[in-house]
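Here is how the chains run, residue by residue.
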Amino acid sequence: MNPTKDLTQIVQTAVERHGAQPDAFIPILLEINHEYGYIPAQAIRQARVLLHQPEEHVLVSEGQLYGVASFYHMLSVQAVGRHVVKFCESAPCHVQGGRELWRAVQQELGLQAGETDPQNRFTLKTVSCLGLCGVGPVMVVDDDVYGNVTPEQLPNIFARYE
Amino acid sequence: MAFYRSHVLVSVDPECLKRGAHEVLDALNDELLAQGLLDEVQVLETSRIGDPHRFGPDLLVYPENVHYANLDVDDIPYLVEEHFLKGRTVEKFRAQEKAISDEELGAPKPKEVRIVLRNCGKIDPHNIEDYIAEDGYSALARALTELSPEQVIDEVAKSGLRGRGGAGFPAARKWQLCRQVADNPKYLTCNADEGDPGAFMNRRVLESDPHSVLEGMVIAAYAIGASMGYVYCRAEYPIAVQNLNIAIAQAREFGFLGQNIFGTGFSFDLEVRMGAGAFVCGEETALIASIEGKRGEPRPRPPFPAQKGVWGKPTNNNNVETYAVVPQILLHGAEWYASMGTEKSKGTKTFAVAGDVVNTGLIEVPFGITLREVVYDVGGGIKDGKGFKAIQTGGPMGGGLTAEHLDLPLDYEALTAAGSMMGSGGLIVMDEETCMVDMARFFMEFTQEESCGKCTPCRVGTRRLLELLEKICDGQGVPQDLNTLDDLCHEITQNSLCGLGQGAPNPVISMMKHFRAEFEAHIYEKRCPAKVCRALIHYRIEEQTCTGCTVCARNCPVEAISGARRQAHVIDLEKCIRCGICAQVCNFNAVAVESGK
């Protein structure tokens, strides 16, 4: 996740890699989201220019791309902090201490779900089941997975991310 | 496949990677090369071996079955020289714990029968030759060279295989319906959008044995006459996506996918399509929309995908597990498969057991086993010696079952009759300290969040249900709410467009049916019997037990606790925010949780 990267370059690479076909919209948006951290309006405009090919009968509107980007939970059309904390809110984690942990995470970061701190360091999100229920409660920071998390471990975990 | 005298499995679990597993792996390969042992010792990557926080980076050496833990790059030359050159086990690097455990998938328990999970943890998912050595792709060879498509469908029909995605529709009949449609090309999709919270058996199969799914898909494609297929895998499973792509590339290279498979003139190819985090995409029409790059919203059926699916063409959609079973049926025969299970539910089913049970993780058992056997014999009973309260089967669209249902045989019909369903196979076990109103609220929070918003009964109805349950948990419930809940559940079930909406009220319906007294306690007595709902509980320090150590007072975030040193402390209930920190920090168990007046 690196908002300093060149957005135009990211969009171009993504379209080239996955091909300018309708069934590639989701892979393209996923790649932009991963590389840039989120999908800004400008990226949607640029992607639309590359994907819209009337001569090939592929007609694409910005609204269509925005519709896809805003539908899926793993795609974000809103800016995020340098690190994204994803907390599993599913039942197996919930009954294995996730309920207490969720309160502790919110308290530790001073954030509610969906919020980003003023220093732009963390964005807190909830995600649905990651399928790691054997080691719940589970929390993911950027791409790092933490299992069997307890409230006491939180300060140490968050300290790893600047 | 080349033969090696030793196999080394290095854990590349995320935690081990963070602790330097890749560096250890590189050092190991370098050292084996330097010692001229690369032809004798094979190094493989695997998922976690033991607890990575305790043991990582770690590795296993076969056939000796020695577990070396907490390895550092500098340890490798000595390890290679001692173990592989001189044949001596290096005791100082050995993991302290003798039992080697895969936290998700332990050694099979007495009542387990592993068919779908048979290769998981045993073979290298990155190497097609490992799969071939376990009879891989021989079922495909048999199908293509000895059987007609009709005979394949016939064999699967005789086995009694039913769709493992949850609905339990007979697989062979589905294939037949798609085969009969006179329109081409035909498509095949594999539903690997395993979104049910607590269900992760498909992930494990895709990560550990992806070829079994691919082989099943090619056989199904042959039976139906499909030329192109998609595996729709959720993006939350990055390793599954990666292993699938590796497996597809290898299968193409070996001629099991692509043009003219086995020289029979039959051609079929596969691609992986990734989801982007939408639970509703597990519904087949939404899944098809998502494959086409659209918002994953369901549409009314008919037309069924067998007539109009991907790109408007006939499409057959099955679950990961359904496809993974097919090669085994063709290899061992329909009679063998049909000999397991109950009258109408044949074979085995994988379940992901989660929650308050001793052994969480994956199991595979024949249909017909009772819930009691699953919870106590296979699952090892309830954690910390507590009592069993309920079990949620079928995921968030399923229902909660009680101790009364423990002797229920696990099959499609019995679960449906009890007001729950098979679903994809998530089992969430809840102990006596679980509040069922809170659980109902919790499941509604999930379905409300995941409702795609296309139809009103689901979009608005789930929101209203959630609001009512929140109100009851907050102690604001009134008697009329119970009737309103009943009515809403009925309306949503009757009028929603897809299975997600129709099933959304199930947890509420079943919990109100089996635990009505708990709902009533919340409403009439403003009491939470399980002492979970924050608005209905309070904390009290027991005078006789409190030693006046002041730990609770110092830890209280709102300074609600007062009392002199060595004197019993008191909580000011007006200030208290019921965070429970005092109860957690008290060393003398002097803080009691109470509910009701």
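Residues numbered from 1 in each chain as written. Chains lettered and ligands numbered in written order. Predicted model: local features only at pLDDT ≥ 70, side-chain atom pairs only at ≥ 80, totals over all residues.

### Details of the overall build of chain A
Of the regular secondary structure elements, chain A holds six helices and four strands. The secondary structure elements of chain A, listed N-terminal to C-terminal, are α-α-α-α-β-α-β-β-β-α. Each principal axis of the C-alpha atoms in chain A carries an extent, and together these give about 60 × 30 × 25 Å. Out of the 162 residues in chain A, the part that is buried amounts to 40%. In chain A, once contacts between residues fewer than 6 apart in sequence are set aside, the share between residues at least 24 apart is 62%. (Helix = DSSP H or I, 4+ residues; strand = E, 2+ residues; numbered from the N terminus. Buried ≥ 20, exposed ≤ 12 C-beta atoms within 10 Å, placed from the backbone. Contact = placed C-beta atoms within 7 Å.)

### Examining the overall build of chain B
For chain B, the count of helices and strands is 24 helices and 18 strands. In terms of overall dimensions, chain B is globule-like: its C-alpha atoms have a radius of gyration of 27 Å, near the 25 Å expected for 597 residues. Counting only C-alpha atoms, chain B reaches 85 × 65 × 40 Å along its principal axes. Classification of the 597 residues of chain B by burial places 53% in the buried group. Pairs at least 24 residues apart make up 72% of the contacts formed inside chain B by residues separated by at least 6 positions. (Rg over C-alpha atoms; globule rule 2.2 N^0.38 Å.)

### Here we look at the domain arrangement of chain A
For chain A, the domain assignment lists domain 1 (7-71) and domain 2 (83-159). One C-alpha centre belongs to domain 1 of chain A, the other to domain 2 of chain A; they are set 30 Å apart. (Domains from an automatic or database assignment.)

### Things to note about the domain arrangement of chain B
All names here are of chain B. Each assigned domain of chain B is listed here: domain 1 (6-93), domain 2 (128-336), domain 3 (348-431), domain 4 (436-524) and domain 5 (534-595). Distance from the C-alpha centre of domain 2 to the C-alpha centre of domain 4: 35 Å. Across the boundary between the two partners, domain 2 contributes eight residues, which contact eight residues of domain 4.

### A look at helix H3 (residues 41-51) of chain A
Residues and elements named next belong to chain A. Buried within H3 we find Ala43, Ile44, Ala47 and Leu51. Down the axis of H3, the sector holding all buried residues measures 100 degrees, keeping them to one side. Facing away from the buried surface of H3 by more than 90 degrees, the exposed residues are Ala41, Gln42 and Val49. Buried positions along H3 lie against helix H1 (7-18), helix H2 (25-36) and helix H4 (62-71). (Arc of directions from axis to C-beta.)

### Quick notes on the sheet that holds strand S3 (residues 59-62) of chain B
Residues and elements named next belong to chain B. The sheet built from four strands is open, its strands ordered S2-S1-S3-S4 with mixed pairing. Looking at which strands have only one partner, the edges of the open sheet turn out to be strand S2 (41-46) and strand S4 (66-68). Taken pair by pair, the neighbouring strands of this sheet meet at an average axis angle of 20 degrees, ignoring direction. Two elements, strand S1 (residues 6-11) and S2, share six bridges in a ladder whose sense is parallel. Opposite His7, over in S2, you have Gln42 as the bridge partner. Contacting S1 and S2, helix H2 (residues 21-34) runs over the sheet at an angle of about 160 degrees to S1. (Pairing = 2+ DSSP bridges. Axes fitted to C-alpha atoms, helices over the stretch in contact; angles between N-to-C directions.)

### Side note on the interface of chain B and chain A
Counting from both sides, the interface comprises 38 residues of chain B and, opposite them, 29 residues of chain A. Of all the secondary-structure elements, those providing two or more residues to the side of chain B that touches chain A are helix H1 (14-18), helix H12 (284-291), strand S10 (348-355), strand S14 (426-431) and helix H17 (436-450) of chain B. Its residues placed into classes, the side of chain B that touches chain A shows 16 nonpolar, 11 polar and 11 charged. (Nonpolar A, V, L, I, M, F, W, Y, C, P; charged D, E, K, R; others polar.)

### Here we look at the packing of helix H7 (residues 149-159) of chain B against helix H13 (residues 320-332) of chain B
All names here are of chain B. Axis separation between H7 and H13 bottoms out at 10 Å; the angle between their running directions is 95 degrees. Of the possible angle classes, the one that applies to H7 and H13 is roughly perpendicular. Between H7 and H13, the residues in contact are Glu155, Val156 and Ser159 and Val326, Ile329 and Leu330, respectively. Class assignment of the residues belonging to the contact of H7 with H13 gives a composition of four nonpolar, one polar and one charged. (Parallel < 35°, antiparallel > 145°, perpendicular 65-115°, else oblique.)

### Digging into the environment of Val320 of chain B
All names here are of chain B. Within the secondary structure, Val320 sits in helix H13. Between the alpha carbons of Val320 and Pro479 there is a distance of 45 Å; along the sequence they are 159 residues apart. Beyond its immediate stretch of four places on either side in the chain, Val320 contacts Cys190, Ala192, Asn202, Val205, Leu206 and Val213.

### Examining the environment of Ile363 of chain B
Residues and elements named next belong to chain B. Within the element layout of this structure, Ile363 appears in strand S11 (residues 361-366). On the basis of neighbour counts, which here come to 28 C-beta atoms within 10 Å, the residue Ile363 falls in the buried class. For the pair formed by Ile363 and Glu104, sequence separation is 259 residues and the distance between their alpha carbons is 8.9 Å. Among all residues touching Ile363, those that are not within four sequence positions of it are Lys109, Glu112, Phe351, Val353 and Val378.

### Regarding the nonpolar core
Residues and elements named next belong to chain B. If you look at the biggest cluster of nonpolar residues, it comprises 190 residues, and the most contacted ones within it are Val218, Ile219 and Cys233. Broken down by element, the residue count for this core peaks at 10 residues, all from helix H10 (residues 210-224). In contact with Cys233, other than residues within four places in its own chain, are Ala192, Leu206, Ala240, Val241, Leu244, Val272, Met274 and Gly275. (Core = buried A, V, L, I, M, F, W, Y, C linked by C-beta atoms within 7 Å.)

### Regarding H7 of chain B
Residue and element names in this part refer to chain B. Within H7, the full set of buried residues consists of Pro149, Val152, Ile153, Glu155, Val156 and Ser159. Down the axis of H7, the smallest arc covering the buried residues is 160 degrees, so these residues share one side. Residues of H7 that are buried sit in contact with helix H6 (138-146), helix H8 (171-180), H10, H13 and helix H14 (334-338). Downstream of H7 by one or two residues, Gly160 has phi in the positive range, about 80 degrees.

### Brief notes about the sheet that holds strand S7 (residues 258-261) of chain B
All names here are of chain B. Strands sit in the order S7-S8-S6-S5-S9 across an open sheet of five strands; the sheet is mixed. Pairing within the sheet leaves two strands with one partner each, and these edge strands are S7 and strand S9 (315-319). Direction aside, neighbouring strands of the sheet carry axes that sit 25 degrees apart on average. Where strand S5 (residues 187-192) meets strand S6 (residues 228-233), six bridges bridge the pair, whose relative direction is parallel. When the sheet's bridge partners are listed, Cys190 is paired in S6 with Val231.

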